[in-house]
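Geometric and topological summary
Residue-level listing of the chains:
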Amino acid sequence: MSGGGGDGGGLNSSSPLDPFDSTWNLGEDPSNSSVEPVARTLIPDLQPATTVVAVQEVSPWDIALCVTGTLISCENALVIAVLFYTPTLRAPMFILIGSLAVADLFAGLGLILNFVFTYMVDNSVEFVMLLSVGLLISAFSASVLNILAITVDRYLSLYNALTYHTERTVTFTYVMVACIWVSCLALGLLPALGWNCLRDESACSVCRPVTKNNAVALAVTFLLVFALMMQLYLQICKIAFRHAQQIAVQHQFVAISTTKGVSTLSAILCAFGVCWLPFAMYSIVADSSYPVIYTYATVLPATCCSVINPIIYAFRNPDIQKSLWMACCGCIPSNLSLRPRTSSDV
């Protein structure tokens with residue numbers, strides 16, 4: 001034992017050699033040169049892999065994002081199932097709600113896949129990273145633009161109340177949804193088409209591998225969308241108050257209803273702003289050199305917007321509530337409103 005490990009020259013000079021000595025056969029006999037690479041490469045390949053798995057720690061932030069993604073997926077899958085299996089829910093309003101639910105569902109699945117790719121798949125592979133980032137960009141962009149589309153739909157339902165329920169409105173809604181998804185899929189493909197910082201780490205944004213310039217462009221676009229939503233909701237409030245003044249017979253009822261609607265609109269805008277504004281502003285001022293904890297602290301509230309969306313836009317709708325009650329219990333509670341809900345309802 002000690003001779004084999006201590007004096008290699010003594011092994012080569014001695015004449016009586018043990019033919020069953022595996023160390024000599026693999027290391028010294030030229031006839032076994034084809035086996036030598038196997039013996040030398042097998043151990044180094046196994047040992048680092050075992051070490052990586054042993055020392056890899058799961059970030060609590062990534063666990064929180066994965067749990068959030070699971071909740072998002074479950075909520076929006078339920079909304080999609082209700083809309084799909086209820087033939088009466090085919091109005092433009094429900095088309096937009098369904099498109100929003102699909103976007104949020106993909107966002108939730110993207111968060112789950114990002115966790116899987118980070119801790120269960122080799123995330124250093126470029127294809128895996130670009131696939132995960134592209135899915136998240138497309139899904140969350142579609143979610144924001146679908147919220148804008150719902151706001152536009154509510155405004156048009158009040159501004160053109162007499163001509164809103166026409167075939168033209170349905171066609172316009174489908175065209176709007178198609179444009180949203182085409183543009184968002186194009187945004188998601190940009191990193192895979194070369195718009196990434198994998199070759200230049202100094203150009204990375206807070207969300208690698210998205211470049212700083214692309215992140216700033218997305219953040220500025222979001223701020224413009226948010227400003228447009230505020231303007232549209234302001235116009236909706238003006239129209240609602242004008243209608244309230246024109247109906248003198250139901251003055252008290254309409255005043256209460258209008259006040260409640262304005263409060264609901266304020267809550268919607270506040271929830272949307274609180275969720276997305278921190279991440280948008282941080283993406284503009286920060287880059288990859290900033291501590292990663294700041295990125296997590298702004299990304300997590302942004303993802304929570306997709307948790308809130310089904311509650312605001314779907315589960316508050318009486319028609320969807322009736323479908324849920326019929327699917328779960330086979331009955332409709334008597335306290336549910338029997339009045340059909342329109343797009344202008346908030």
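Residues numbered from 1 in each chain as written. Predicted model: local features only at pLDDT ≥ 70, side-chain atom pairs only at ≥ 80, totals over all residues. Heavy atoms only, no water.

A word on the packing of aromatic side chains. In the structure shown here, the tally under the stated rule is 11 aromatic pairs. Taken together, a centroid distance of 5.8 Å and an interplanar angle of 15° make the contact between Trp61 and Tyr296 stacked. On the criterion of sequence distance, the pair formed by Trp61 in helix α5 (residues 60–84) and Tyr296 in helix α11 (residues 292–315) is long-range, its members being 235 residues apart. Judged by its relative accessible area of 30%, Trp61 is partly exposed. A centroid spacing of 6.3 Å and a plane angle of 15° characterise the contact between Phe222 and Phe226, whose relative ring orientation is stacked. Within this pair, Phe222 and its partner Phe226 are both found in helix α9 (residues 212–246), separated by four residues, close to a single helical turn. This pair shows no difference in class: Phe222 is buried, exactly as Phe226 is. The rings of Phe140, Phe222, Phe226, Phe272 and Trp276 are connected pair by pair, giving a single aromatic cluster. (Phe/Tyr/Trp six-rings, centres within 6.5 Å; stacked < 30°, edge-to-face > 60°. Helix = DSSP H or I, 4+ residues; strand = E, 2+ residues; numbered from the N terminus. Buried < 20%, exposed > 50% of the residue type's maximum accessible area, 1.4 Å probe, protein only.)

Within this numbering scheme, the UniProt entry marks residues 61–86, 93–121, 127–150, 171–195, 215–241, 262–281 and 293–315 as carrying the feature "transmembrane region" (unreviewed entry). With 100% helix and 0% strand, residues 127–150 has end C-alpha atoms that lie 34 Å from one another. End-to-end, the C-alpha atoms of residues 262–281 are 27 Å apart, and along that stretch the chain is 100% helix and 0% strand. (UniProt positions renumbered as here; feature names shortened; annotations may be inferred.)

Summed over the entire model, instances satisfying the criterion amount to one disulfide. Between the sulfur atoms of Cys197 and its disulfide mate Cys204 the distance is 1.9 Å. With the S-S bond torsion at 95°, the cross-link from Cys197 to Cys204 turns out right-handed. Comparing Cys197 with Cys204, the two get one shared label, buried. The structure places no disulfide on Cys275, whose sulfur is separated from the nearest cysteine sulfur, that of Cys305, by 4.6 Å. Using a relative accessible area of 7% as the deciding quantity, one classes Cys275 as buried. (Disulfide = S-S within 2.5 Å.)

Okay, a nonpolar patch on the surface next. Where nonpolar side chains cluster on the molecular surface, the patch consists of Trp61, Tyr290, Val292, Ile293 and Tyr294 and spans about 480 Å² of accessible area. By residue number, the principal contributor to the nonpolar patch is α11, which donates three residues. Within the secondary structure layout, Val292 lies in helix α11. (Patch = residues over 30% accessible without salt bridge, like charges linked within 9 Å, V, L, I, M, F, W, Y side chains within 5 Å. Areas by Shrake-Rupley, 256 points an atom, 1.4 Å probe, with all protein chains shown as cover. Salt bridge = Lys/Arg side-chain N within 4 Å of Asp/Glu carboxyl O.)

A cis amide bond links Arg208 with the next residue in sequence, Pro209, at an omega value of 10°. Inspection of the secondary structure puts Pro209 in the loop between α8 (167–189) and α9.

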